[in-house]
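Listed here are the chains, written in short residue letters.
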Amino acid sequence: MANAQNPHYLQLRNAAIREGDLMGKAFDESKRAYNGGDGARAKELSNEGHEHQREKERLNDEAALWIYTENNKRQPEGTIDLHGLYVQESIEYTEKAIESARSHSVPTLRVIVGKGNHSANHVAKIKPAIESLMQRQNLSAHLDPKNSGVLVISLQGGGGGSRDVVGDMERNNGYIPDVLVRPAIRVLCHQRLKEIASESVEERVEGKWRYIRDLEKRDVAEEQGKANEQHYEVSTPFIVSCLGPQLKYSCCLYPSPSTTLAEAEVLMMESYCLKAKLEDGMKVLDLGCGWGSLTLFLAEKYPNSQITSLSNSSTQKTHIDSQAALRGLRNVEVFTGDVMEFDFKGTREFDRILSIEMFEHMKNYESLLGKISTWLKPNDKAKGKDGSLLFVHIFCHKDTPYHFEQNDGWMSQNFFSGGTMPSFDLFTYFQRDLTLQRSWWINGKHYARTSEDWLKVQDGNSEIWKGKEDKLVEGKDGGTVEERRREGRKSFFKFRIFFIAVAEFFALNDGESWGVGHYLFRKRD
């Protein structure tokens, strides 16, 4: 621990602490200014707080790099020393060390985590954090019997574990019966709950703040192209053969056991109208519009409103435009673009913006919400008495946010690359440009029933694709007809497994672990 007493290291850490104090002071004063009605000063102080936050993070990054380099100058290959690092820093450096060791075919990695002798109350924090990381990466780790401050990680095999079970099902072209598939998925769901569980409220709170700070360093979205391909690589006719009549590719609302998918689609969209306080004659943006279920529904329900849609899929735009023409709807305009690059500022302003299951593909929510706020009208210019509002629908965990990582297995690799599982309360931490007016929790069993119904529709229409599997992936380049048929069969079963996984996932623990969050934001004056 000699390096942890080095004057240069201590200077960096102490400077970071001072920046953190200034950050907290600025944010507190910003809140008081806002509560006192001085919105301009509140924003100025908020920006000042973020400057202190960035400087704090820079200083801590410099301190972490310095001490890690010093501690590991003389370590043998396959050994790293984490002394002097904070918990999140330890996780990040361990992940890099694992990647490096694997690239050099090193079979084991010895991680010096310490015994907690220098931690508050002598409670080890690094060791359990690295053990949790090993669980997430499906790696075997044990304490060195000769030194309880050293974790020995086996890098042989690993990386697959039980998360590959679903991948095996896909590779077997769906021939594994559902009666075996579903229990395997439930095992994975329980495994995920164990991985994100916190031993104390303090640990959960600190973990959430680390997560929030991490989001603030990221781009608005990551791997957009890959995520878009994963969900929309199949042809529109195939999706039509799996969803309800409105083509709503998101959670629906089931108030009774007898509710049908067709009814549930409409009921959920009617709930959006009520919660978002929509009125005929408003200018509305459907942000991340999918195949246009909400766009077309609103255009018919509010004939005097102008409904604008933004999708990052040209295929979806083509479908929505054709459906609007068929229905004689002249109040629909669809744009294709990436939300990170596309901008309505200066060209259009809206009374309402609605976004349904798009935010799960985003990362930097403060930047995203800041951009969206510029698309809303000033409150005194908005139609209606409530000002300009944003309504958001997401799926989420009840209290713990996490990233979909590539090493998480089949679901992350095939449907949610670069994705986010928000916690229900996550958006309360991002209110610089929009203020949260109200939120609603919807039990996960609604999503479970939605996905079960999608599965029934897909199975009921399976005969359509027999001998025509190449049409299922129409639009993808290359390959012979037979190769495209194999790809089509694979995609058919991949979506089938996806629907089963979603149903089991949201039904777990009577729908109280994962569910759906609805949020209503108002533009700041």
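None of these values were measured; they are calculated from a predicted model.

Caption draft 1: Main features of the overall build of the protein. When helices and strands are tallied, the protein shows 17 helices and 13 strands. Here the protein holds 525 residues, and 52% of them are scored as buried. A sequence separation of at least 24 residues applies to 76% of the contacts in the protein between residues at least 6 apart. When the accessible area of the protein is evaluated, it comes to approximately 24,100 Å², of which 50% is carbon and sulfur surface.

Caption draft 2: View of the layout of surface pockets. Of the voids in this model, the second largest pocket is the one considered here, and its volume is about 860 Å³. If you go around the second largest pocket, you meet 28 residues; those closest to its centre are S30, S46, Q431, R432 and R524. Going through the elements one at a time, α1 (7-35), α2 (39-71), α7 (201-217) and α13 (365-373) are the ones with two or more residues in the lining of the second largest pocket. Looking at the lining of the second largest pocket, the element that brings in the most residues is α1, giving six residues. Among the residues making up the lining of the second largest pocket, the classes are represented as seven nonpolar, ten polar and eleven charged.

Caption draft 3: Spotlight on the packing of aromatic side chains. The tally for this structure, following the rule as stated, stands at 34 aromatic pairs. Both rings, one in F391 and one in W440, keep their centres 6.5 Å apart while their planes meet at 50°; by these two values the pair is tilted. Taken together, the residues span a long stretch of sequence, with F391 in strand β9 (residues 389-397) and W440 in strand β12 (residues 434-442) at a distance of 49 residues. We classify W440 as buried; its relative accessible area is 17%. When the ring centre of Y93 is taken as origin, the NZ or CZ atom of K96, which lies over that ring, is 5.1 Å away.

Caption draft 4: How the structure looks around the confidence of the model for the protein. For the protein, per-residue confidence averages 86 on the pLDDT scale, and residues scoring 70 or more make up 88% of the total. When the criterion is pLDDT under 50, residues 157-166 qualifies, and its contacts beyond four places in sequence or with other chains add up to 26 contacts.

Caption draft 5: The side chain of E19, seen in detail. Note on placement: E19 falls in helix α1. Not counting residues up to four positions away in its chain, the partners in contact with E19 are H52, E55, K56 and L59.

Caption draft 6: Quick peek at the state of the cysteines. Within the structure shown, the criterion is met by zero disulfides. With no disulfide of its own, C252 lies closest to C251 among cysteine sulfurs, the gap being 6.4 Å.

Caption draft 7: Looking closely at the packing of α2 against helix α3 (residues 87-103). In contact at an axis separation of 11 Å, α2 and α3 are set at 50° when each is read in the N-to-C sense. The angle between α2 and α3 falls in the class oblique. Relative to α3, the crossing made by α2 is right-handed. Between α2, through N60, A64, L65 and Y68, and α3, the contact on the second element is made entirely by E89, Y93 and A97. Classifying every residue of the contact of α2 with α3 gives five nonpolar, one polar and one charged.

Caption draft 8: Seen up close, the environment of T374. Within the secondary structure layout, T374 lies in the loop between α13 and β9. Taking the relative accessible area as the measure of exposure, T374 reaches 27% and is therefore partly exposed. Along the sequence, T374 and K345 sit 29 residues apart, while their C-alpha atoms lie 6.1 Å from each other. Residue contacts for T374: discarding those within four places in its chain leaves D343, K345 and K523. A polar contact of 2.6 Å, which involves the side chain of T374, links it to the backbone oxygen of K371.

Caption draft 9: The pairing of β9, seen in detail. When you tally the buried positions in β9, you get nine out of nine residues, the bulk of the element. Burial along β9 is two-sided: L389, F391, H393, F395 and H397 facing one way and L390, V392, I394 and C396 facing the other are all buried. Looking at chain direction, strand β8 (residues 352-356) and β9 are connected through five bridges and run parallel. Residue I356 lies in a different strand from β9, and its bridge partner there is H393. On the question of chirality, the crossover connecting β8 to the parallel β9 by way of α13 is right-handed.

Reading guide: rules and limits
Residues numbered from 1 in each chain as written. Predicted model: local features only at pLDDT ≥ 70, side-chain atom pairs only at ≥ 80, totals over all residues. Heavy atoms only, no water. Helix = DSSP H or I, 4+ residues; strand = E, 2+ residues; numbered from the N terminus. Buried < 20%, exposed > 50% of the residue type's maximum accessible area, 1.4 Å probe, protein only. Contact = heavy atoms within 4.5 Å. Areas by Shrake-Rupley, 256 points an atom, 1.4 Å probe, with all protein chains shown as cover. 1 Å grid on protein atoms, 1.4 Å probe; cavity = no way out; pocket = protein on both sides within 12 Å on 5 of 7 lines; lining within 4 Å. Points joined across faces, edges and corners; volume = space filled by probe spheres on them. Nonpolar A, V, L, I, M, F, W, Y, C, P; charged D, E, K, R; others polar. Phe/Tyr/Trp six-rings, centres within 6.5 Å; stacked < 30°, edge-to-face > 60°. Lys NZ or Arg CZ within 6 Å of the ring centre and 35° of its normal. pLDDT = per-residue confidence, 0-100. Disulfide = S-S within 2.5 Å. Axes fitted to C-alpha atoms, helices over the stretch in contact; angles between N-to-C directions. Parallel < 35°, antiparallel > 145°, perpendicular 65-115°, else oblique. Left-handed = near helix turned anticlockwise from the far one by under 90°. Polar contact = N/O pair within 3.5 Å; in protein donor to acceptor, adjacent residues only side chain to side chain. Pairing = 2+ DSSP bridges. Right-handed = clockwise from strand over helix to strand, strands pointing away.

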